[in-house]
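Observations on chain architecture
Spelled out, the chains give:
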Amino acid sequence: MPKITNLLAKLSFLFIATTVLFAGCVTGQLGKNNSGEFKNGMVVTAHPEASEVGIAILKKGGNAIDAAVAVQFALAVVYPNAGNIGGGGFMVYRSAKGEINALDFREKAAASASRDMYLDAAGNPIVDKSLYGHLAAGVPGSVDGMVQAHQKYGKVSWQQVLQPAIDLAENGFKITKRQASELNGLHRKFMEFNPNGTAFVNLESTWKENDILMQKELANTLKLIRDKGRAGFYSGAVADSIVKEMQRGNGLITKNDLDNYHATWRKPVTGNYRGYQIITMPPTSSGGIALVQLLQSVAPYPLKQWGHNADSTVQLIVEAERRVYADRATHLGDPDFYQVPRNELLDVSYNKKRMANFNWSAATPSSAVLAGEIKGAEHEETTHFSIVDRDGNAVSITTTLNGSYGALVAVKGAGFLLNNEMDDFSVKPGAPNMYGLVGGEANAIAPNKRMLSSMTPTIVEKDGKLFMVVGTPGGSTIITSVFQTIINVVDFNMSMQQAVAAKKFHHQWLPDEVYVEKDAIDSLSIKKLQSKGYKILTRGPIGRVDAILRTSYGTYQGGADPRGDDKAIGY
Ligand code: GLY
């Protein structure tokens, strides 16, 4: 069992951090970040500059994959708190003809990583060791992922999709108010981990909105990737810089680790919800399986009749989340290392059985819920983008450094940030990570293994046609945010923008608490839930969903989350 005090300290840090990070107001209307419905294509990302890059590629004849690769690299420049080339992510793809695929470009543990590498002599986790600095980094996967995605499905040249990011890094871009405040807040930490300086530190003054952030070293790295593809990152000068950086900070990543890294194509998880086909990310994500489990758990109940965030709706969903997250902790891990009971967890009758002991008159204590018997505190600053092109090809990518600005180490000479993804392993099976998530043996550290993720890039189909592209950052809240966005549209008839902006709540088995955004649930419903034993805590914004909906008359609606600087652009 987790140490509750340790856990609460982590979670309260998380709530303060997210409250500071997402100060945007939340409304259900189309706002300044979303201009309406379009028929040719749409790009929704966490940063206006990245959305512009994606839409320009689509307008020049690129397809959704071309635009996605260009956006991934652009986000590494304009949204360095989560956009990356030093991290990893997942892609779910659906072609206009209905072909589906999933790409796992999640980071891997280095070959010399070991199960107890973050424990002290007494066997307790040394929290900062898996969170900050060189030892927190997994072998980056984003560049190989983008190379593979482009080779398989891209239409315009590799050079063309790289160039916008190079220009943004070389010439600079205007930072938003939110970014200025984040960079100022991290000034001391950046100095601590990068004594030789980094582009993110302003030595002359404090950062202000509209200041130009230039990243010359990153521009040179992106040029090498443009000219040499995979070899521009995993070997040569950039690989040398990464290894040198590891030597400086006692990190583990070697030339061999870089050479051996390859993204992996996987079969998407699929499931059905009220006649809609869900296409989502398989393990190494826990998110796709958990999302389908949640949808199956609530499908027998009349959510629409009860109403959005009504007490019965909230109670049912919390009980489903309790059971699904208990399963997540036990049964999910890297499928190349651990036999995930995928078919059993995705079985409708299994999830129905899991809900059978649910009692309307009182909350089920989490201590009474164990993972189902199967025969046979993540950081929240990930980022998601959704793209549909003129032909109807759709891409859903969630990508991350894990924490905001990852391990806070910029690779000297190469200008990009290292991830701190090693914290997503169960550092000590049974102890919570930075999101308060408890993991088991399935997610223990092993050489070359991928750490479990909650990222849930998803595409929804209706009657054989594209219906929705959706995903979000938010650590452990990713799964429940994607789930709520889907039911907001399917059960509660919201538009895409309303569904994205609607207030959310979250439960994850442990701790036995329900987190709600301010005013997400009316006070009478909260009292009813409390009287049944639910512990309800208000927290900062949950998720930052960027999504696209295809309407019944064939146009695209964007949903750009008003909790951030996100922007939907269509044409
Ligand atoms: N680092 C967050 C996640 O992968 O879920």
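Computed from a predicted model, the values in this text were never measured in an experiment. (Residues numbered from 1 in each chain as written. Predicted model: local features only at pLDDT ≥ 70, side-chain atom pairs only at ≥ 80, totals over all residues. Heavy atoms only, no water.)

Thoughts on the packing of aromatic side chains
- Counted under the stated rule, the structure contains 15 aromatic pairs.
- Clustering of aromatic rings is evident, with ring pairs tying together Phe233, Tyr234, Tyr261 and Phe416.
- Between the NZ or CZ atom of lysine 108 and the centre of the ring of tyrosine 261, over which it lies, the distance is 5.8 Å.
- Over the ring of tryptophan 265 we find lysine 152; its NZ or CZ atom is 5.4 Å from the centre of that ring. (Phe/Tyr/Trp six-rings, centres within 6.5 Å; stacked < 30°, edge-to-face > 60°. Lys NZ or Arg CZ within 6 Å of the ring centre and 35° of its normal.)

Side note on the pairing of strand E17 (residues 546-550)
- With four of five residues buried, E17 lies mostly within the body of the structure.
- Strand direction decides the pairing type here: strand E13 (residues 465-470) and E17, joined by two bridges, are antiparallel. By the bridge assignment, methionine 468 is partnered in E17 with leucine 549.
- Pairing geometry for E17 and strand E18 (residues 556-560), over five bridges, is antiparallel. Paired with alanine 547 across the strands is glycine 559, a residue of E18.
- From the end of E17 to the start of E18, which pair antiparallel, there are five residues, and glycine 554 there has a positive phi angle of about 85°. (Buried < 20%, exposed > 50% of the residue type's maximum accessible area, 1.4 Å probe, protein only. Helix = DSSP H or I, 4+ residues; strand = E, 2+ residues; numbered from the N terminus. Pairing = 2+ DSSP bridges.)

Concerning helix H2 (residues 48-59)
- Taking 1.5 Å of rise per residue, 12 residues should cover 16 Å, and H2 covers 16 Å from first to last C-alpha, within 8% of that figure.
- Those residues of H2 that sit buried are Ala50, Ser51, Val53, Gly54, Ile55, Ile57 and Leu58.
- Of the residues trailing H2, glycine 61 is marked for its positive phi of about 100°. (Expected span 1.5 Å × (residues − 1).)

Section: unusual backbone geometry
- Of the consecutive residues proline 283 and threonine 284, the connecting peptide bond is found in the cis state with omega at 25°.
- Structurally, threonine 284 is set in the loop between strand E9 (276-280) and helix H12 (287-298).
- The omega torsion across leucine 510 and proline 511 is 0°, close enough to zero to call that bond cis.
- Position of proline 511 relative to the elements: it lies in the loop between strand E14 (505-506) and strand E15 (514-517).
- The phi dihedral of asparagine 493 is positive, around 55°, even though this residue is not glycine.

A few points about the nonpolar core
- Within the largest apolar cluster, 86 residues are counted, with the highest numbers of intra-cluster contacts made by Phe73, Ile85, Leu222 and Phe416.
- Examining the composition of this core, we find that 13 residues originate from one element, helix H3 (residues 64-78), more than from any other.
- Sequence-distant contacts of phenylalanine 416, defined by excluding residues within four places in its chain, comprise Ile85, Gly86, Leu218, Thr221, Phe233, Val238, Ile242, Val409, Ala410 and Val411. (Core = buried A, V, L, I, M, F, W, Y, C linked by side-chain atoms within 4.5 Å. Contact = heavy atoms within 4.5 Å.)

Re the sheet that holds E15
- Across the sheet, three strands lie side by side as E14-E15-E16; this open sheet has mixed pairing. Edge positions in the sheet fall to E14 and strand E16 (536-539), since each of these pairs with one other strand and no more.
- Looking at chain direction, E15 and E16 are connected through four bridges and run parallel. Residue pairing across strands places valine 516 opposite threonine 538, the latter belonging to E16.

A closer look at the packing of H2 against H3
- Viewed as axis vectors pointing N to C, H2 and H3 meet at an angle of 155°, and their least axial separation amounts to 8 Å. One element, H2, and the other, H3, form an angle in the roughly antiparallel class. Helix-helix and strand crossings are classified by hand; for H2 and H3 the assignment is right-handed. Together, Glu49, Ala50, Val53, Gly54, Ile57 and Leu58 of H2 and Ala64, Asp66, Ala67, Ala70, Val71, Ala74, Leu75 and Val78 of H3 make up the contact between the two elements.
- Of the residues assigned to the contact of H2 with H3, the class counts are 11 nonpolar, one polar and two charged. (Axes fitted to C-alpha atoms, helices over the stretch in contact; angles between N-to-C directions. Parallel < 35°, antiparallel > 145°, perpendicular 65-115°, else oblique. Left-handed = near helix turned anticlockwise from the far one by under 90°. Nonpolar A, V, L, I, M, F, W, Y, C, P; charged D, E, K, R; others polar.)

Details of the sheet that holds strand E11 (residues 394-400)
- With antiparallel pairing, the seven strands of this open sheet are ordered in space as E7-E4-E3-E11-E10-E2-E19. Since the sheet does not close on itself, it has two edges, and those belong to strand E7 (264-266) and strand E19 (567-570), each with one partner. For this sheet the average axis-to-axis angle between neighbouring strands, irrespective of direction, equals 15°.
- As judged from the seven bridges shared by strand E3 (residues 88-94) and E11, these two strands associate in the antiparallel manner. Across the sheet, the residue bridging to arginine 94 is alanine 394, located in E11.
- Relative to strand E10 (residues 383-388), H3 is tilted by about 155°, and along the sheet it contacts strand E2 (42-45), E3, E10 and E11.

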